[in-house]
Amino acid sequence: MTNLALDLREAAQMYPDRPAVRHDDAVLSYARLDDLSARAAGWLRSRGLRPGDPVGIMLPNVPHFPVFYYGVLRAGGTVVPMNPLLKAREIAHYLGDSGARLVLAWETATLEAEAGAATAGADSVSIGPATLDAVATWPASASPEVARRGDDDTAVILYTSGTTGTPKGAELTHANMRRNASVTATSLLALGPDDVVMGCLPLFHSFGQTCGLNAAVQSGACLTLISRFSARAALEVIERDQVTVFEGVPTMYIGMLGEGGDAADTSSLRLCVSGGAALPVEVLHGFEKAFDSVILEGYGLSETSPVATFNRRDRRKPGSIGLPVEGVELRLVSVDDGDVPAPPGEVGEIAIRGHNVMKGYWKREEATAAAIRGGWFHTGDLARADEDGFYYIVDR
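Trainee: Whenever I open this one, the pairing of strand β7 (residues 154-159) confuses me. Can you help?
Mentor: Each regular strand shows side chains that alternate between the opposite faces of the sheet. Extensive coverage of β7 is indicated by the burial of six of its six residues. Bridge analysis of β7 against strand β8 (residues 169-173) gives five bridges, and the strand direction is antiparallel. Counterpart to I157 in the pairing with β8 is E171.

Trainee: What should I look at first to understand the environment of T154 in this one?
Mentor: Take T154: it is sitting in strand β7. Distance from T154 to L73, taken between C-alpha atoms, is 9.9 Å for residues 81 residues apart in sequence. With sequence-adjacent residues up to four places away left out, T154 is seen in contact with T78, E171, L172, T173, H174 and K359. Among the polar contacts made by the side chain of T154, one reaches the side chain of K359 at a distance of 3.1 Å.

Trainee: Looking at this model, I keep getting lost on unusual backbone geometry. Mind explaining?
Mentor: When glycine is set aside, most residues are seen to have a negative phi, and most peptide bonds are trans. Cis geometry is adopted by the peptide bond preceding P306, which originates at S305 and carries an omega value of 5°. Here P306 shows up in the loop between β13 (295-300) and β14 (307-310). If you check the backbone angles, Q242 has positive phi at about 55° while not being a glycine. Tracing the backbone shows Q242 in the loop between α9 (231-241) and β11 (245-248). Assessed through its relative accessible area of 42%, Q242 is described here as partly exposed. Even without a glycine there, the phi angle at S305 is positive, about 75°. Mapped onto the elements of the fold, S305 is located in the loop between β13 and β14.

Trainee: Help me understand the environment of Q242, please; the structure alone is not making it clear to me.
Mentor: C-alpha separation for the pair Q242 and G116, spaced 126 residues apart in sequence, amounts to 40 Å. A polar side-chain atom of Q242 sits 3.0 Å from the main-chain carbonyl oxygen of E239.

Trainee: What am I meant to see in the pattern of salt bridges here?
Mentor: Any two side chains of opposite charge can pair, on the condition that their charged atoms come close. Here the structure, examined in full by the defined rule, presents 24 salt bridges. Among the salt bridges present, the one from E145 reaches R74, with a minimum N-O distance of 3.0 Å. With E145 in the loop between α6 (131-135) and β7 and R74 in helix α3 (residues 64-74), this residue pair connects regions lying 71 residues apart in the sequence. For R232, the salt bridge goes to E259, with nearest N and O atoms at 2.9 Å. In this pair, R232 sits in helix α9 while E259 sits in helix α10 (residues 250-259), placing the two residues 27 residues apart along the sequence. Given a relative accessible area of 39%, R232 falls into the partly exposed group. Bridged by salt links that share partners, the residues R9, D34, R74 and E145 form one connected network.

Trainee: Would you mind going over the packing of aromatic side chains with me for this structure?
Mentor: Using the criterion set out here, one finds eight aromatic pairs in the structure. Judged by centre distance (5.4 Å) and plane angle (75°), the ring pair of F246 and Y253 falls under edge-to-face. Its relative accessible area of 0% is what places F246 among the buried residues. When the ring of Y253 is compared with that of F287, the centres are 5.0 Å apart and the planes differ by 85°; the resulting orientation is edge-to-face.

Each value, and the rule that gives it
- Residues numbered from 1 in each chain as written.
- Predicted model: local features only at pLDDT ≥ 70, side-chain atom pairs only at ≥ 80, totals over all residues.
- Heavy atoms only, no water.
- Buried < 20%, exposed > 50% of the residue type's maximum accessible area, 1.4 Å probe, protein only.
- Helix = DSSP H or I, 4+ residues; strand = E, 2+ residues; numbered from the N terminus.
- Pairing = 2+ DSSP bridges.
- Contact = heavy atoms within 4.5 Å.
- Polar contact = N/O pair within 3.5 Å; in protein donor to acceptor, adjacent residues only side chain to side chain.
- Salt bridge = Lys/Arg side-chain N within 4 Å of Asp/Glu carboxyl O.
- Phe/Tyr/Trp six-rings, centres within 6.5 Å; stacked < 30°, edge-to-face > 60°.

In short, the description is geometric, and any link to function would need to be established separately.
Below, the structure written as structure tokens:
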């Protein structure tokens with residue numbers, strides 16, 4: 001059985017009293033998170049959720065997200081993560097396209113969620129700060145604690161940004177998500193139960209889900225959440241919670257560098273990770289000098305769970321997206337003919353093959369066939385490779 005929710009169950013058995021999720025003064029231990037997710041699963045089943053049914057989760061970075069995320073998975077459902085700032089029209093598309101009959105929306109998004117759900121013929125349930133107190137009173141499901149799911153069953157449908165048209169849902173399987181989180185937690189970040197991971201990346205995005213939430217849970221580490229990022233708040237949380245691993249996008253590093261290395265005590269940091277866009281080399285060097293911490297850059301997409309390449313602490317090149325991660329292959333193909341390798345030394349389109357590549361685009365067979373050919377996912381991103389095998393993004 002491969003269900004991604006098993007990672008939480010196993011962590012709760014190994015580290016029941018250790019903090020799993022922190023949000024300011026609120027702390028959920030692994031035992032508590034496990035119990036609440038089981039009760040959420042029972043509630044979902046009582047509403048008629050069946051294995052494979054999609055459920056929209058439209059929540060910010062609050063403890064409620066992991067409770068319902070693992071609750072849906074535990075019940076055998078498929079999570080459809082949604083930005084809580086989406087408007088009714090977008091919500092209607094996500095729900096209508098995925099077939100979700102239920103969306104769990106943060107209280108500030110209730111009006112938009114209700115309007116979008118009504119258009120899609122779905123139900124909307126408002127979630128607020130007091131909801132977890134109510135969840136604690138719900139009965140746990142009488143069904144098996146964690147639903148049986150196969151490697152190739154869909155765990156998450158992540159909708160792309162839609163910059164080239166209507167957003168498409170990337171189907172990520174339980175095997176995709178578990179293996180990518182495992183590679184991230186072990187060979188890349190070396191996470192352990194004493195680590196505290198900064199959770200300021202949105203959990204509705206693949207970067208925050210895999211590298212933050214799922215990697216932390218697999219390791220028994222603590223994920224400390226920030227609902228709305230600000231450089232000052234992030235530095236204060238690093239000092240307060242003794243954060244050891246910071247994960248962010250370039251704008252976050254630029255903001256914190258602007259605050260200055262003496263803005264907070266960040267001596268607990270042992271590693272920083274950057275992704276989502278190219279980090280200017282001068283920012284990387286400036287941050288490392290100001291905060292005395294190494295930044296490792298990586299690369300990936302929603303369609304690749306997301307991590308595909310990464311720099312290593314003992315083998316890195318600033319400005320590069322690094323080397324392929326364990327179990328993943330990269331190659332550059334001709335821009336003119338994507339089935340032909342690009343000539344050595346020339347810019348080509350990145351193609352990816354491995355455990356991280358999505359099952360396909362939800363209900364879009366033609367788009368899937370165009371993107372995944374011969375087992376290789378064609379990203380549309382252009383890059384070059386150097387003589388040591390490091391890749392450098394040229395255009396996204």
